[in-house]
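# Observations on the three-dimensional arrangement
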Amino acid sequence: MALNVFDHDEYRPPVWKSYLYQLQQEAPHPRRVTCTSEVENRPKYYGREFHGMISREEADQLLSQAEGSYLIRESQRQPGTYTLALRFGNQTRNFRLYHDGKHFVGEKRFESIHDLVTDGLITLYIETKAAEYIAKMTINPIYEHVGYTTLNQEPTLKKHLPHSHEEPDGPTPAKDDHNTEERLTSLVRRATLRESDLAPKYEKVHNFKVHTFRGPHWCEYCANFMWGLIAQGVKCADCGLNVHKQCSKVVPNDCQPDLRHVKKVYSCDLTTLVKAHNTKRPMVVDMCIQEIEARGLQSEGLYRISGFSELIEDVKLAFDRDGEKADISSNAYEDINIITGALKLYFRELPIPLITYDAYPRFIEAAKITDPEKRLEALHEALKLLPPAHCETLRYLMGHLKRVTQYEKENLMTSENLGIVFGPTLMRAPELDAMTALNDIRYQRLVVESLITNEDVLF
């Protein structure tokens, strides 16, 4: 149903559409057709609904009594394989049935045949009755009206927010401030948390995972009911957004990670981390670099000499546990090599490297160019392929490493030495064979060395 724009003075939350919920309630119920005789070689994971090796015609006759009737038979053409025969729409539907500890005919897996049939009947009924409606669900989503973008605009723009004339399920809540938060969905509550004016607006894709919702649930993109018994939709593991699987394909890349979902600092996607903490760069990068520059720039072999691995692991645990409150001062860790080790470990454990897999080939190609000016141009183009949060973190790191080289007489760390250390730390070959990856090491060094040397020009 289309949403119309009216001139309001205040925002009114969307009204959830109940059409698909009503259809789920109307769907036929499972009716097990039991076998009256004992069947030999019945698989232990099937019950009396198993009728053995009967024909399609026999199954059709047994199921003709009522909608939702079902039985299981062994295939006559392929003994040892099983078919779920299900009565729907006045005809018998046959589905190849599998079991691997759970029962399934498609992607979803069920604890019992009864649950599988219940979910199947719901899906068949809704897709039959509302095929056109489902196809149009994403055309005018409420997400565009109540998503992050709209509610982060100036309050004066809120009067232009659309409002549905569809009748709500039950009494309309009174318009008072006390009920406002209760009426908003989790999506809208997250949206109202304005970012700092200084915080960068990094784009981030949602991290959707198949999810089973307990009790009735509605899609936070199109506002329609999420039907089915299990795996009714997907949930973003980073921000908690709940949507239909088909809606997830059109949701904007505007994930705003919630700290309740982002549990750690190390091994966390970089963009996810900075959006969750509302910062320009990962706090571990800022804090380690500030500590190193405060007391370690003249330390011999800086970044080349390793600290004790147990203490580096302690620093990692401190960041994962305490975040920006982690104590990495000289009182806690006197050896600066522990802090440099913790910073290198952070970059090594990124699920997507700082120089991403997608951008990796372009950086390697640039390193192979012998002409200095053309190499610089190629690196400049390669940097454009990095996600904004990655590019900003790389810029900050290269500025720091440039300052490290300014003390090379004391610390003996040239841009070439730092390239050797940071090349494989910041870049990982995307699924290349061992020989190619080995050959790339020298080009990884050249990439980092060039980025440090030309930091002031490239960034």
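Structure report, in brief.

## Things to note about the pairing of strand β4 (residues 91-99)
Sheet topology places strand β3 (residues 82-88) next to β4; 7 bridges connect them, and they run antiparallel. Residue pairing for β4: phenylalanine 88 is matched across the bridge by glutamine 91. The hairpin formed by β3 and β4 contains 2 residues between the paired strands, and glycine 89 there has a positive phi angle of roughly 65°. As paired elements, β4 and strand β5 (residues 103-104) share 2 bridges and run antiparallel to each other. Bridge pairing in β5 links tyrosine 98 to phenylalanine 104. In this antiparallel pair of consecutive strands, β4 and β5, the connection spans 3 residues, and glycine 101 shows a positive phi of 110°.

## Section: the packing of aromatic side chains
Summed over all chains, the structure comprises 11 aromatic pairs. Ring plane angle 70° and centroid distance 5.0 Å describe the contact between tyrosine 21 and phenylalanine 225, whose orientation is recorded as edge-to-face. Highlighted residues: tyrosine 21 in helix α1 (residues 19-26) and phenylalanine 225 in the loop between β6 (208-211) and β7 (233-236), separated in sequence by 204 residues. Here phenylalanine 225 falls in the buried class, since its relative accessible area comes to 2%. With a centroid separation of 4.8 Å and an interplanar angle of 75°, the aromatic rings of tyrosine 45 and tyrosine 46 are classed as edge-to-face. For tyrosine 45, a relative accessible area of 33% translates into the label partly exposed. For tyrosine 46, a relative accessible area of 4% corresponds to the buried category. Aromatic ring contacts, followed pair by pair, group Tyr45, Tyr46, Phe50 and Tyr82 into a single cluster. Sitting above the plane of the tyrosine 396 ring, arginine 281 keeps its charged end 3.9 Å from the centroid. Of note, lysine 368 hangs over the ring of tyrosine 443, and the distance from its end group to the ring centre comes to 5.2 Å.

## Quick look at α1
Taken together, the buried positions of α1 are occupied by Leu20, Leu23 and Gln24. In a view along the axis of α1, the buried residues occupy a sector of 100°, so they form one face of it. Of the surrounding elements, those touching the buried residues of α1 are α3 (113-129) and α4 (131-135).

## What to know about the nonpolar core
With 68 residues, the main nonpolar core has Tyr303, Phe319, Tyr346, Phe363, Leu397 and Leu426 as its most contacted residues. Broken down by element, the residue count for this core peaks at 8 residues, all from helix α13 (residues 336-348). In this view, phenylalanine 363 contacts Ile355, Leu379, Ala382, Leu383, Leu386, Met427 and Val447; residues no more than four positions away in its chain are not counted.

## A word on the environment of glutamate 220
As for its placement among the helices and strands, glutamate 220 is situated in the loop between β6 and β7. Along the backbone, glutamate 220 and cysteine 247 are 27 residues apart, and their C-alpha atoms lie at a distance of 9.3 Å.

## Here's the deal with the packing of helix α11 (residues 283-295) against α13
The contact between α11 and α13 brings their axes to 10 Å, and the two run at 155°. Put simply, α11 runs roughly antiparallel to α13. The handedness of the crossing between α11 and α13 is left-handed. Residues Val284, Val285, Cys288, Ile289, Glu291, Ile292 and Arg295 of α11 form the contact with α13, whose participating residues are Ile336, Ile339, Thr340, Leu343, Tyr346 and Phe347. Taken together, the residues of the contact of α11 with α13 break down into 10 nonpolar, 1 polar and 2 charged.

## Here we look at the pattern of salt bridges
The final tally for this structure, using the stated rule, is 18 salt bridges. Put simply, lysine 108 and aspartate 119 hold a salt bridge, and the shortest N to O gap is 3.3 Å. Of this pair, lysine 108 sits in the loop between β5 and α3 while aspartate 119 is found in helix α3, placing the two residues 11 residues apart along the sequence. We classify aspartate 119 as buried; its relative accessible area is 5%. Lysine 402 is the salt-bridge partner of aspartate 456, the closest N and O atoms lying 4.0 Å from each other. Placement of aspartate 456 in helix α20 (residues 455-458) and of lysine 402 in helix α16 (residues 388-405) is noted, with a sequence separation of 54 residues between them. Counted as one network, the salt bridges with shared partners bring together Arg281, Asp286, Glu392 and Arg395.

Calculation criteria
Residues numbered from 1 in each chain as written. Predicted model: local features only at pLDDT ≥ 70, side-chain atom pairs only at ≥ 80, totals over all residues. Heavy atoms only, no water. Pairing = 2+ DSSP bridges. Helix = DSSP H or I, 4+ residues; strand = E, 2+ residues; numbered from the N terminus. Phe/Tyr/Trp six-rings, centres within 6.5 Å; stacked < 30°, edge-to-face > 60°. Buried < 20%, exposed > 50% of the residue type's maximum accessible area, 1.4 Å probe, protein only. Lys NZ or Arg CZ within 6 Å of the ring centre and 35° of its normal. Arc of directions from axis to C-beta. Contact = heavy atoms within 4.5 Å. Core = buried A, V, L, I, M, F, W, Y, C linked by side-chain atoms within 4.5 Å. Axes fitted to C-alpha atoms, helices over the stretch in contact; angles between N-to-C directions. Parallel < 35°, antiparallel > 145°, perpendicular 65-115°, else oblique. Left-handed = near helix turned anticlockwise from the far one by under 90°. Nonpolar A, V, L, I, M, F, W, Y, C, P; charged D, E, K, R; others polar. Salt bridge = Lys/Arg side-chain N within 4 Å of Asp/Glu carboxyl O.

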